[in-house]
Amino acid sequence: MSKKDKWEIEYEKKKALNKRGLSGLSIEQKDLIDKTIQENFEILNHVAECFDIELDQLRKLQDNTWKLVQSFNYQDRKKIH
């Protein structure tokens, strides 16, 4: 087994902390987070097709969506398109 890099160790620690935090949320909270992330992706896809938003706003929306995804290990629970 190869030795993990520092970033891999930190990533695993953060992922474990996020998982513990997620387990403390209610079903309603988890559902709301799921719904928000899905809706954000839908908006991002629509905006990307129409180009009817400033790039700045789109970048902020995208950054916030990915922060939610990473903070709640969404990629491990749901398929991201």
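Our subject is the structure that appears above.
Residues numbered from 1 in each chain as written. Predicted model: local features only at pLDDT ≥ 70, side-chain atom pairs only at ≥ 80, totals over all residues. Heavy atoms only, no water.

(A) Representation of the packing of helix H2 (residues 27-50) against helix H3 (residues 55-71) within the structure. Packing of H2 against H3 brings their axes to within 10 Å, and their N-to-C directions diverge by 150°. Overall, the two elements H2 and H3 adopt an arrangement that is roughly antiparallel. Considering only the axes of H2 and H3, their crossing is left-handed. Every residue of H3 that contacts H2 at Thr 36, Ile 37, Asn 40, Phe 41, Ile 43, Leu 44 and Val 47 is listed here: Leu 58, Leu 61, Gln 62, Thr 65, Trp 66, Leu 68 and Val 69. (Axes fitted to C-alpha atoms, helices over the stretch in contact; angles between N-to-C directions. Helix = DSSP H or I, 4+ residues; strand = E, 2+ residues; numbered from the N terminus. Parallel < 35°, antiparallel > 145°, perpendicular 65-115°, else oblique. Left-handed = near helix turned anticlockwise from the far one by under 90°. Contact = heavy atoms within 4.5 Å.)

(B) Quick peek at the nonpolar core. Of all hydrophobic cores here, the largest spans eight residues; its members are Ile 33, Ile 37, Phe 41, Leu 44, Val 47, Leu 58, Val 69 and Tyr 74. Residue assignment for this core shows that the elements contributing at least two residues are H2 and H3. (Core = buried A, V, L, I, M, F, W, Y, C linked by side-chain atoms within 4.5 Å. Buried < 20%, exposed > 50% of the residue type's maximum accessible area, 1.4 Å probe, protein only.)

(C) Local environment of the pattern of salt bridges. Applying the stated criterion across every chain yields a total of two salt bridges. When the shortest N-O distance is used, the salt bridge between Glu 39 and Lys 35 registers 4.0 Å. A residue pair is termed a helical-turn pair when its members lie 3 or 4 positions apart in one helix, as Glu 39 and Lys 35 do in helix H2 at four residues. (Salt bridge = Lys/Arg side-chain N within 4 Å of Asp/Glu carboxyl O.)

Don't take any of this as a statement about function, it's just geometry.
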